[in-house]
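Architecture at a glance
Here's the letter readout for the chains.
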Amino acid sequence: MLNVGNKVLQQLSALLLERAGLKITLDGYHSLRLALSTRMPALGLSDPEKYLQKLMSASGEEELRALLPLVTVGHTEFFRDAKQFRALEGSVLPELLARARREMRKVSIWSAGCATGEEPYSLALVMAELGALAVEVDLWATDLNLAAVEAARQGRFSTRRAMAIGPERLKRFFRPVEDGYEASPILREYIRFDGQNLAAPVFDKVAPASLDLILCRNVIIYFDLPTIRGLMDRFLAALRPGGLLFLGYSESLFKVYDRFEMIEVDGAFVYRRPLGERPRPPPPLAPLATELRPGSPESFAVELRQRMQASAETATRLRTAGVGDAAGGKAPDAPVRRPTLELPALGALAGRRTGEFPALRPEPARTGEFPAVRPEPTRTGEFPAIKLDPPRPGEPPRRPATTGTFAAVRVEPPTPRPPAEAVPARPSGSWPQLLPPAERLNMAVRKMGQGDFPAAIDGVKRLLVDEPSDLDALLTLGNLYSLTGRIDEARDTFGQALQREPLCVEARVFGGVAAMQAGSLAEARSELAKALFLEPTLAIGHYLLAQVQERTQDFEAARRSYRNAVAQLKYPQRPLAGHYPEMLDSAEAISRAARYALAALEEQPG
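In what follows, the accompanying structure is described. Per chain, the residues get numbers from 1 upward, laid out in the order the sequence is written. Where totals are concerned, whole chains, interfaces and linings use all residues; where local detail is concerned, this predicted model gives features only for residues with pLDDT of at least 70, and gives and counts side-chain atom pairs only at 80 or more. Here the side-chain values reflect all heavy atoms present in the structure, with hydrogen atoms and water set aside.

The next thing to look at is the overall build of the chain. Per the secondary structure count, the chain includes 24 helices and 13 strands. Within the chain, contacts between residues at least 6 apart in sequence are counted, and of these 73% link residues at least 24 apart. Exposure was quantified through the Shrake-Rupley algorithm and a 1.4 Å probe, taking into account, for residues, occlusion by the shown protein chains and nothing else. Carbon and sulfur atoms provide 54% of the accessible area of the chain, an area that totals close to 28,800 Å². Secondary structure elements follow DSSP: runs of H or I of four or more residues count as helices, runs of E of two or more count as strands, with numbering from the N terminus. Only heavy atoms matter for contacts: two residues are in contact if any of them lie within 4.5 Å across the pair.

In structure tokens, the structure reads:
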């Protein structure tokens, strides 16, 4: 590793804080040195001072963006996500070891995106405690950052990072060294470290159907949808039938990829390659609907245009006469100067009328009925599925499930039942806990769309009690606080998201929206600028920044930002984590809104 003085590290930390909002403490200097050890040789530089000068130059932004993901590589810890590791220790790893011994082969595990090694060492420690010998385990740990891989191979950790291991395990599997602890040679024998790019189209080092378990946690949040789907195809092919995939709690495949089964293991939701099935070709993507749906981003863009072109008198006529006159093609009155997007306050979302801000389209629901959780039937010799539905009256008692495989949880739409068997209504505020986190969050989002903000906040907070690492839920909670005027709580919530994922673009975007709603335009500009530094091709970020510039009467800057929003649409736009009602989230909607706003601005002086 390069010898970098503290003065350079302090200056680099200040630069990262200013440009990306990334706060580096003294404990994070190790990650900075790792990052410099990777980037400086790539540029042919050996002097840290010269590298710092390059970063601070006018042409240094691209290199600073290349450095950022490597700086945060150290954001990991031993036994991260306690619920998942309880499932691994109590059920998953013991069963995988027993099965491999029956089949006289090794347990094959891949820690994908292992960073500095805390995850694979945690897995190796558990396997050792289960009595597995190193020759019985093939634990492959990979990362794109080769400097991090080398640091992981050395197995040295600071005292603070090692505290999560616990005193008994530290004494048994580690030895004290200067400024920390070092993994014992016995523990390191379980793991083979390697470099691997997860975005590569082919995994040459992975045989088909060879892996029992893949852990790829807190990695795919930085990937776009095509990359995620391609990676899931490769993971599916690499797993044995029945093999398991662990993702981070903020990384749901809900409405992203449907070829895995979601199952519940000791309270943790994980993905499984279906038993006894060969990988099938990916399903064709549904074509985009040409007809605009009420509440969709496209329909919102159309209504946005109407609001920009209509005067106050026309808006009054639309609300009293309905949308039909506007749809019938009557010419609007003269344009009126107004902001191009009014971010809705609570009153605007609750109880609005047709022709105003469109509500999220709620799915039809039956009173008191929640989606049924149905187990999948299993075969003889496999772990039988846990029976989750209680027996109906008149049915013989069901045989309790014996030790066996993990229960499949399939979320199906409720089926009609005769009136005599109607399900009694749940009390208000009851949130089922057997549903996957993404579906529970979706229920809260529907409450948000209906204007029931207290119920939505309650549902997301309950979800976060059970799934504290769910970034999607945390961002949604921050947005709910913002929409209900609880700006300080919104700031605190987005701050928590940044503590968990320092490069979370969404926390910056939504933080900027919250500041805009509070009237703190300087703060909004700062947050959105940091979001765009992290992801300069994010069209919605440029669009929102233009909104701020328009409100501060900086019309020339607003014009540039609107043009940038349109220009970035040549790149694929990923959906943002977190939910915010009426946020433009399609290329067509952003393009229309930005073009209309730009046309209106062209009529303004300055």
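Having seen the structure, we can now continue with the description.
This part covers the pattern of salt bridges. Each salt bridge in this description consists of a side-chain nitrogen of Lys or Arg and a carboxyl oxygen of Asp or Glu lying within 4 Å of one another. The tally for this structure, following the rule as stated, stands at 35 salt bridges. The partner of Arg39 in a salt bridge is Glu63, with the nearest N and O atoms 2.8 Å apart. Here the residue Arg39 occupies a position in helix H2 (residues 29-42), and Glu63 occupies one in helix H4 (residues 61-71), the gap between them amounting to 24 residues. Accessibility classification places Arg39 together with Glu63 in one group, the buried group. Of the charged contacts, one joins Glu118 and Arg161 as a salt bridge, the two residues approaching to 2.6 Å between their closest N and O atoms. Taken together, the residues Glu118 in helix H6 (residues 118-129) and Arg161 in helix H8 (residues 159-162) connect sequence positions 43 residues apart. When a residue's accessible area, from a 1.4 Å probe over protein chains only, is under 20% of the maximum for its type it is buried; when over 50% it is exposed; and in between it is partly exposed. When its relative accessible area of 0% is taken as the criterion, Glu118 is described as buried.

Grid points spaced at 1 Å and placed over the protein atoms alone form the basis of the search, with a cavity being a set where a 1.4 Å probe fits but cannot get out and a pocket an open set showing protein on both sides within 12 Å along at least five of seven lines. Lining residues have an atom within 4 Å of a point. Grid points are joined across faces, edges and corners, and a volume is the space filled by probe spheres set on the points. By the definition in use, this model includes three cavities of 30 Å³ or more. The computed volume of the largest cavity comes to approximately 160 Å³. Lining the largest cavity are 16 residues, and of these Tyr249, Glu251, Ser252, Tyr271 and Pro437 lie nearest its centre. Looking at the lining of the largest cavity, the elements with two or more residues in it are strand E10 (268-272) and helix H16 (437-449). Sorting elements by how many residues they give to the lining of the largest cavity places H16 first, with three residues. Residues that form the lining of the largest cavity fall into these classes: nine nonpolar, four polar and three charged. Each residue receives one of three labels: charged for Asp, Glu, Lys and Arg, nonpolar for Ala, Val, Leu, Ile, Met, Phe, Trp, Tyr, Cys and Pro, and polar for the others, Gly being one of them.

Further remarks concern the nonpolar core. Residues belong to one nonpolar core when they are buried, are Ala, Val, Leu, Ile, Met, Phe, Trp, Tyr or Cys, and are joined through side-chain atoms within 4.5 Å. If you look at the biggest cluster of nonpolar residues, it comprises 86 residues, and the most contacted ones within it are Leu16, Leu67, Ile540, Tyr543, Leu544 and Tyr562. Counting residues in each nonpolar core, the second largest holds 47 residues, with Phe78, Val92, Leu139 and Phe193 among its members.

Two strands pair under a simple rule: DSSP has to find at least two bridges between them. Reading across the sheet, the three strands line up as E3-E5-E4 and stay open at both edges, with antiparallel pairing between neighbours. Sheet topology places strand E3 (156-158) and strand E4 (174-177) at the edges, where each strand pairs with a single neighbour. The average angle at which neighbouring strand axes cross in this sheet is 30 degrees, direction not considered. In this sheet, strand E5 (residues 180-183) lies alongside E4 in antiparallel orientation, the contact comprising four bridges. When the bridges of E5 are listed, Arg175 appears paired with Glu182. Each axis is a line fitted through C-alpha atoms, taken for helices only over the stretch in contact, and angles between the N-to-C directions span 0 to 180 degrees.

What follows covers the packing of aromatic side chains. Two rings belonging to Phe, Tyr or Trp (six-membered ring only in the last case) form a pair when the distance between their centres is within 6.5 Å. Interplanar angles under 30 degrees mark stacking, angles over 60 mark edge-to-face geometry, and anything in between is tilted. As enumerated under the stated definition, the model contains 14 aromatic pairs in all. A centroid spacing of 5.6 Å and a plane angle of 85 degrees characterise the contact between Tyr121 and Phe157, whose relative ring orientation is edge-to-face. Here Tyr121, found in helix H6, pairs with Phe157, found in strand E3; they are 36 residues apart in sequence, far enough to count as distant. Members of the aromatic cluster, joined through ring pairs, are Phe78, Tyr121, Phe157, Phe174 and Phe193. We count a charge as sitting over a ring when the NZ of a lysine or the CZ of an arginine lies within 6 Å of the ring centre and within 35 degrees of the ring normal. The positively charged end of Arg65 is found above the aromatic ring belonging to Phe533, 4.9 Å away from the centroid. Between the NZ or CZ atom of Arg234 and the centre of the ring of Phe203, over which it lies, the distance is 5.1 Å.

For the rest of this paragraph, the subject is the pairing of strand E8 (residues 239-247). Of all nine residues that make up E8, seven are buried, and the element is covered over most of its length. Pairing analysis gives two bridges linking E8 to E10, with the strands arranged antiparallel. Counterpart to Leu245 in the pairing with E10 is Tyr271.

With twelve residues, H6 extends 17 Å between its outermost C-alpha atoms, agreeing within 8% with the 16 Å of an ideal straight helix rising 1.5 Å per residue. Burial analysis of H6 places eleven of its twelve residues in the buried class, the great majority of the element. Residues of H6 that are buried: Glu118, Glu119, Pro120, Tyr121, Ser122, Leu123, Ala124, Leu125, Val126, Met127 and Ala128. Positive backbone phi, at 90 degrees, marks Gly131, one or two positions downstream of H6. What a helix should span is 1.5 Å times the count of its residues minus one.

As a further point, take helix H18 (residues 471-483). With 13 residues, H18 should reach 18 Å at 1.5 Å per residue; the first-to-last C-alpha distance of 18 Å fits that figure. Among the 13 residues that make up H18, twelve are buried, leaving the element largely enclosed by the rest of the structure. Among the residues making up H18, those that are buried are Leu471, Ala473, Leu474, Leu475, Thr476, Leu477, Gly478, Asn479, Leu480, Tyr481, Ser482 and Leu483. Capping the start of H18 is the job of one residue whose side-chain oxygen sits 3.1 Å from the backbone nitrogen of Asp472: Asp470. Here a polar contact means two N or O atoms within 3.5 Å. Within protein one must be a hydrogen donor candidate and the other an acceptor candidate, and residues neighboring in sequence count only if both atoms are side-chain atoms.

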